[in-house]
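# Secondary and tertiary structure notes
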Amino acid sequence: MMIRLNWHWQEIGEWEAPLTARFNRAGRFRSVLGGFRLVSRLGNGVFWYALMLTLLAAYGLAALPAVLNMVLAGLAATFIYKWLKKTTLRPRPCHQFGQIICLTAPLDRFSFPSGHTLHAVAFSLVVIQYYPALAWLVLPFSALVAVSRLVLGLHYPTDVLAGIALGGMVALVSMVLV
């Protein structure tokens with residue numbers, strides 16, 4: 001059953017549904033599905049917490065500014081995405097369109113913006129500010145997190161793009177303030 005939405009989400013969703021469904025169809029392949037489920041789970045915080053602990057173990061107190069900046073960026077990102085999800089109330093594509101299948105359990109009901117992507121971009125940019133040599137690790141991982149949200153049927157492309165933009169802004173503000 002399709003829900004009628006406010007704020008043009010219905011029209012935007014109908015425009016995005018075919019592209020979202022195309023990404024989602026990649027999840028029919030077992031190896032693709034397993035890989036993106038793993039990336040999504042790691043992007044839930046595990047990868048970033050492990051990276052923070054690794055930085056502290058490798059660099060000691062010298063890593064503290066980077067880790068604190070990541071923590072502050074993470075808190076800001078969480079506040080922003082939760083507020084936006086409550087404000088926009090955009091249902092996930094897998095709940096709106098029958099051809100888009102939910103391939104993993106969502107963390108909440110709403111889609112806009114992608115919190116996983118927002119956090120991945122914010123954390124990546126902060127890490128690169130302090131440790132540019134880690135770009136080879138964090139940038140591909142962030143890209144995989146963003147794509148995972150589409151393949152798993154949890155987000156529309158605009159949700160992911162908004163997560164990228166907001167994550168970039170959070171990182172920028174965080175780096176200016178810290």
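### Notes on the overall build of the chain
On a plain count of helices and strands, the chain comes out with seven helices and zero strands. The order of helices and strands in the chain, counted from the N terminus, is α-α-α-α-α-α-α. Computed over its C-alpha atoms, the radius of gyration of the chain comes to 17 Å, within 12% of the 16 Å expected for a compact globule of 178 residues. Here the C-alpha coordinates of the chain stretch approximately 55 × 35 × 20 Å along the principal axes. Burial status across the chain gives 48% buried among its 178 residues. Here the analysis covers contacts within the chain between residues at least 6 apart in sequence; of these, 78% occur between residues at least 24 apart. Positive and negative side-chain charges of the chain, numbering 14 and 5 respectively, have mean locations separated by a distance of 11 Å.

### Description of the packing of aromatic side chains
The full count for this structure, using the stated rule, is six aromatic pairs. Aromatic side chains Trp-48 and Phe-123 sit 5.4 Å apart centroid to centroid with 45° between the ring planes, which places their arrangement in the tilted category. With Trp-48 in helix α2 (residues 30-59) and Phe-123 in helix α5 (residues 115-130), this pair connects stretches of sequence that are 75 residues apart. Take Trp-48 and Phe-123: they sit in the same class, and that class is buried. Here Trp-48 and Phe-141 contribute two aromatic rings whose centre-to-centre distance is 5.6 Å and whose plane-to-plane angle is 70°, an arrangement assigned as edge-to-face. Of this pair, Trp-48 sits in helix α2 while Phe-141 sits in helix α6 (residues 135-151), placing them 93 residues apart in sequence. When its relative accessible area of 0% is taken as the criterion, Trp-48 is described as buried. Here the aromatic residues Phe-47, Trp-48, Phe-123 and Phe-141 are joined through ring pairs into a cluster of three or more.

### A few points about the confidence of the model for the chain
For residues with low pLDDT, the predicted coordinates do not support detailed interpretation. The share of residues in the chain with pLDDT of 70 or more is 92%, and the mean pLDDT across the chain is 89. When pLDDT is averaged over each element of the chain, α5 comes out on top at 97 and helix α1 (residues 9-25) at the bottom at 76. Low pLDDT, under 50, characterises residues 1-5; the predicted model gives this stretch 13 contacts beyond four residues in sequence or across chains.

### Points about the pattern of salt bridges
A complete count under the given rule lists four salt bridges for this structure. Ionic pairing is found between Asp-159 and Arg-90, a salt bridge with its closest N-O pair at 2.8 Å. Linking Asp-159 in helix α7 (residues 157-177) with Arg-90 in the loop between α3 (64-88) and α4 (93-96), this pair joins segments that are 69 residues apart in sequence. On the basis of relative accessible area, Asp-159 is assigned to the buried category, the value being 0%. Between Asp-108 and Arg-92 there is a salt bridge, and its shortest N-O distance comes to 2.7 Å. In this pair, Asp-108 sits in the loop between α4 and α5 while Arg-92 sits in the loop between α3 and α4, placing the two residues 16 residues apart along the sequence. By relative accessible area, Arg-92 is classed as buried at 1%. It is possible to trace a salt-bridge network through shared partners that takes in Glu-16, Arg-90 and Asp-159.

### Topic: a nonpolar patch on the surface
Nonpolar side chains collect at one region of the surface, where Val-71, Leu-72, Leu-75, Leu-172, Val-173, Val-176, Leu-177 and Val-178 lie side by side and expose about 790 Å² of accessible area between them. Secondary-structure elements contributing two or more residues to the nonpolar patch are α3 and α7. Ranked by residue count, the leading element in the nonpolar patch is α7, at four residues. Its place among the elements puts Leu-75 in helix α3.

### Examining α6
For α6, spanning 17 residues, the distance from its first C-alpha to its last is 24 Å, which sits close to the expected 24 Å at 1.5 Å a residue. Along α6, the positions that sit buried rather than exposed are Ala-135, Val-138, Phe-141, Ser-142, Val-145, Ala-146, Ser-148, Arg-149, Leu-150 and Val-151. In the stretch just after α6, Gly-153 is the one whose phi turns positive, near 80°.

Definitions and limits used
- Residues numbered from 1 in each chain as written.
- Predicted model: local features only at pLDDT ≥ 70, side-chain atom pairs only at ≥ 80, totals over all residues.
- Heavy atoms only, no water.
- Helix = DSSP H or I, 4+ residues; strand = E, 2+ residues; numbered from the N terminus.
- Rg over C-alpha atoms; globule rule 2.2 N^0.38 Å.
- Buried < 20%, exposed > 50% of the residue type's maximum accessible area, 1.4 Å probe, protein only.
- Contact = heavy atoms within 4.5 Å.
- Lys, Arg positive; Asp, Glu negative; His and termini not counted.
- Charge placed at Lys NZ, Arg CZ, Asp CG, Glu CD.
- Phe/Tyr/Trp six-rings, centres within 6.5 Å; stacked < 30°, edge-to-face > 60°.
- pLDDT = per-residue confidence, 0-100.
- Salt bridge = Lys/Arg side-chain N within 4 Å of Asp/Glu carboxyl O.
- Patch = residues over 30% accessible without salt bridge, like charges linked within 9 Å, V, L, I, M, F, W, Y side chains within 5 Å.
- Areas by Shrake-Rupley, 256 points an atom, 1.4 Å probe, with all protein chains shown as cover.
- Expected span 1.5 Å × (residues − 1).

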